[in-house]
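Residue-level structural notes
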Amino acid sequence: GDAALARPLVGQGMGSVTGLTPAPPLCAGDRVACVAASSALQDDIKMLQGIAVLQSWGLNVEPQALATRRWGYFAGRDEARHADLHPAEPTALLACARGGWGAARLLEQPIRWQSGWLLGFSDVTALLWARQAAGFAGGIHGPLLTTLAEEPEWSRERLRDLLFGNAVPELQ
(Lines give C-alpha, C1' and ligand atoms only; values in the text may rest on other atoms or scores of the structure.)
Protein backbone atom coordinates (compact mmCIF):
# COMPACT_ATOMS: atom_id res chain seq x y z
CA GLY A 1 0.00 0.00 0.00
CA ASP A 2 0.93 3.62 0.42
CA ALA A 3 3.20 2.90 3.38
CA ALA A 4 5.43 0.73 1.16
CA LEU A 5 5.90 3.60 -1.28
CA ALA A 6 6.63 6.11 1.46
CA ARG A 7 9.97 4.59 2.43
CA PRO A 8 12.68 3.11 0.20
CA LEU A 9 12.91 -0.63 -0.06
CA VAL A 10 16.16 -1.46 1.70
CA GLY A 11 18.60 -3.25 -0.57
CA GLN A 12 16.22 -3.45 -3.52
CA GLY A 13 17.30 -0.34 -5.45
CA MET A 14 15.26 2.20 -7.33
CA GLY A 15 13.92 -0.29 -9.88
CA SER A 16 11.56 -1.89 -7.37
CA VAL A 17 8.59 0.28 -8.34
CA THR A 18 6.36 -1.70 -10.69
CA GLY A 19 6.47 -0.74 -14.35
CA LEU A 20 9.71 1.25 -14.28
CA THR A 21 12.86 0.30 -16.15
CA PRO A 22 15.37 -0.25 -13.34
CA ALA A 23 18.71 1.50 -13.22
CA PRO A 24 21.49 -1.09 -13.06
CA PRO A 25 23.91 -0.73 -10.17
CA LEU A 26 27.06 1.21 -10.97
CA CYS A 27 30.40 -0.56 -11.25
CA ALA A 28 33.94 0.79 -11.10
CA GLY A 29 34.85 2.17 -14.51
CA ASP A 30 31.28 3.20 -15.42
CA ARG A 31 30.96 6.45 -17.35
CA VAL A 32 29.47 9.57 -15.74
CA ALA A 33 28.38 12.61 -17.76
CA CYS A 34 28.26 16.06 -16.18
CA VAL A 35 25.01 17.86 -16.92
CA ALA A 36 24.38 21.60 -16.66
CA ALA A 37 20.60 21.71 -17.10
CA SER A 38 19.91 24.77 -14.99
CA SER A 39 21.59 27.96 -13.82
CA ALA A 40 25.13 28.89 -14.83
CA LEU A 41 28.06 27.97 -12.63
CA GLN A 42 29.99 30.81 -11.01
CA ASP A 43 33.20 28.78 -11.38
CA ASP A 44 34.14 25.12 -11.55
CA ILE A 45 35.92 24.69 -8.20
CA LYS A 46 33.04 23.03 -6.32
CA MET A 47 32.05 21.00 -9.38
CA LEU A 48 35.61 19.65 -9.68
CA GLN A 49 35.52 18.71 -5.98
CA GLY A 50 32.29 16.76 -6.61
CA ILE A 51 33.84 15.07 -9.65
CA ALA A 52 36.79 14.05 -7.46
CA VAL A 53 34.37 12.28 -5.09
CA LEU A 54 32.87 10.29 -7.97
CA GLN A 55 36.34 9.46 -9.29
CA SER A 56 37.35 8.24 -5.82
CA TRP A 57 34.51 5.71 -6.18
CA GLY A 58 36.19 4.39 -9.33
CA LEU A 59 33.83 6.10 -11.79
CA ASN A 60 35.02 7.53 -15.12
CA VAL A 61 33.75 11.12 -15.10
CA GLU A 62 33.69 12.97 -18.39
CA PRO A 63 34.14 16.60 -17.31
CA GLN A 64 33.06 19.37 -19.63
CA ALA A 65 33.80 23.08 -19.70
CA LEU A 66 30.44 23.81 -18.06
CA ALA A 67 31.64 26.85 -16.07
CA THR A 68 32.29 28.77 -19.29
CA ARG A 69 28.79 28.16 -20.67
CA ARG A 70 26.42 31.00 -20.02
CA TRP A 71 23.30 32.44 -21.61
CA GLY A 72 21.75 35.00 -19.32
CA TYR A 73 21.58 33.22 -15.96
CA PHE A 74 21.37 29.76 -17.61
CA ALA A 75 24.29 27.35 -18.12
CA GLY A 76 24.04 27.86 -21.86
CA ARG A 77 21.25 28.00 -24.40
CA ASP A 78 18.41 25.50 -24.08
CA GLU A 79 19.85 23.42 -26.95
CA ALA A 80 23.24 23.00 -25.21
CA ARG A 81 21.66 22.16 -21.86
CA HIS A 82 19.27 19.70 -23.55
CA ALA A 83 22.22 18.05 -25.32
CA ASP A 84 23.83 17.33 -21.93
CA LEU A 85 20.97 14.89 -21.28
CA HIS A 86 21.88 12.96 -24.46
CA PRO A 87 25.57 12.00 -24.22
CA ALA A 88 27.15 10.59 -27.38
CA GLU A 89 28.35 7.45 -25.54
CA PRO A 90 26.42 5.18 -23.17
CA THR A 91 26.45 6.72 -19.71
CA ALA A 92 25.60 5.05 -16.41
CA LEU A 93 25.05 8.30 -14.48
CA LEU A 94 23.97 11.79 -15.47
CA ALA A 95 25.24 13.99 -12.62
CA CYS A 96 23.80 17.50 -12.57
CA ALA A 97 26.25 20.30 -11.81
CA ARG A 98 23.82 22.63 -10.05
CA GLY A 99 20.20 23.59 -9.71
CA GLY A 100 18.67 27.04 -9.83
CA TRP A 101 16.31 27.61 -12.69
CA GLY A 102 15.95 26.43 -16.26
CA ALA A 103 15.65 22.65 -16.22
CA ALA A 104 11.87 22.73 -16.76
CA ARG A 105 12.45 24.63 -20.02
CA LEU A 106 14.17 21.48 -21.34
CA LEU A 107 10.92 19.54 -21.07
CA GLU A 108 9.51 21.48 -24.03
CA GLN A 109 11.54 19.16 -26.30
CA PRO A 110 11.44 15.35 -26.11
CA ILE A 111 14.09 13.74 -23.94
CA ARG A 112 15.31 10.28 -24.96
CA TRP A 113 15.76 8.79 -21.51
CA GLN A 114 17.95 5.71 -21.21
CA SER A 115 18.43 3.22 -18.42
CA GLY A 116 20.82 4.54 -15.81
CA TRP A 117 20.86 7.16 -13.08
CA LEU A 118 20.04 10.87 -12.89
CA LEU A 119 21.31 12.75 -9.84
CA GLY A 120 20.33 16.24 -8.70
CA PHE A 121 17.88 18.42 -6.80
CA SER A 122 16.39 21.93 -6.88
CA ASP A 123 14.83 22.54 -10.30
CA VAL A 124 16.38 19.26 -11.53
CA THR A 125 13.35 17.76 -9.76
CA ALA A 126 11.35 18.53 -12.93
CA LEU A 127 13.69 16.24 -14.87
CA LEU A 128 13.56 13.56 -12.19
CA TRP A 129 9.75 13.47 -12.37
CA ALA A 130 9.74 13.55 -16.19
CA ARG A 131 12.16 10.63 -16.25
CA GLN A 132 9.96 8.62 -13.89
CA ALA A 133 6.81 9.52 -15.85
CA ALA A 134 8.56 8.15 -18.96
CA GLY A 135 8.99 4.82 -17.17
CA PHE A 136 12.57 5.02 -15.95
CA ALA A 137 13.72 4.46 -12.38
CA GLY A 138 17.11 5.66 -11.20
CA GLY A 139 16.24 9.25 -10.41
CA ILE A 140 17.85 10.40 -7.17
CA HIS A 141 16.84 13.65 -5.52
CA GLY A 142 20.30 14.10 -4.04
CA PRO A 143 23.52 16.09 -4.15
CA LEU A 144 24.62 18.10 -7.15
CA LEU A 145 28.21 18.01 -8.36
CA THR A 146 28.67 21.43 -6.73
CA THR A 147 27.41 20.19 -3.34
CA LEU A 148 28.59 16.56 -3.25
CA ALA A 149 32.03 17.17 -1.69
CA GLU A 150 30.44 19.19 1.14
CA GLU A 151 28.02 16.41 2.08
CA PRO A 152 28.79 14.65 5.38
CA GLU A 153 30.69 11.38 4.97
CA TRP A 154 27.64 9.30 6.01
CA SER A 155 25.58 10.98 3.28
CA ARG A 156 28.19 10.37 0.57
CA GLU A 157 28.50 6.72 1.65
CA ARG A 158 24.73 6.30 1.58
CA LEU A 159 24.57 7.72 -1.95
CA ARG A 160 27.44 5.47 -3.04
CA ASP A 161 25.71 2.40 -1.58
CA LEU A 162 22.48 3.26 -3.39
CA LEU A 163 24.17 3.84 -6.74
CA PHE A 164 26.32 0.71 -6.51
CA GLY A 165 23.41 -1.54 -5.52
CA ASN A 166 24.49 -2.14 -1.93
CA ALA A 167 22.03 -2.42 0.93
CA VAL A 168 21.19 1.01 2.31
CA PRO A 169 20.60 0.94 6.06
CA GLU A 170 17.68 2.81 7.55
CA LEU A 171 18.43 6.30 8.80
CA GLN A 172 19.13 6.52 12.51
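Our structure's up above, just so we're on the same page.
A quick note: this is a predicted structure, and the numbers were derived from the prediction, not measured. (Residues numbered from 1 in each chain as written. Predicted model: local features only at pLDDT ≥ 70, side-chain atom pairs only at ≥ 80, totals over all residues. Heavy atoms only, no water.)

Digging into the side chain of D78
Among the structural elements, D78 can be located in helix α3 (residues 78-84). Judged by its relative accessible area of 18%, D78 is buried. A distance of 2.8 Å separates the side chain of D78 from the side chain of R105, its partner in a polar contact. In this structure D78 touches W71, R105 and L106, once residues within four positions along its chain are discounted. (Helix = DSSP H or I, 4+ residues; strand = E, 2+ residues; numbered from the N terminus. Buried < 20%, exposed > 50% of the residue type's maximum accessible area, 1.4 Å probe, protein only. Polar contact = N/O pair within 3.5 Å; in protein donor to acceptor, adjacent residues only side chain to side chain. Contact = heavy atoms within 4.5 Å.)

Topic: the pattern of salt bridges
Tallied over the full model, the rule gives 8 salt bridges. For E62, the salt bridge goes to R31, with nearest N and O atoms at 3.8 Å. Pair noted here: E62 is in strand β2 (residues 60-62) and R31 is in strand β1 (residues 31-35), with a separation of 31 residues, a long-range link. Assessed through its relative accessible area of 17%, R31 is described here as buried. Across the pair R81 and D78 runs a salt bridge whose closest N-O atoms are separated by 2.2 Å. With R81 and D78 both in helix α3 and 3 residues apart, the pair spans about one turn of that helix. Overall, the relative accessible area of 0% leaves R81 in the buried class. Salt bridges sharing common partners tie together R31, E62 and E89. (Salt bridge = Lys/Arg side-chain N within 4 Å of Asp/Glu carboxyl O.)

Structural notes on the environment of G19
Considering the arrangement of structural elements, one finds G19 in the loop between α1 (2-6) and β1. The exposed category is assigned to G19, whose relative accessible area is 68%.

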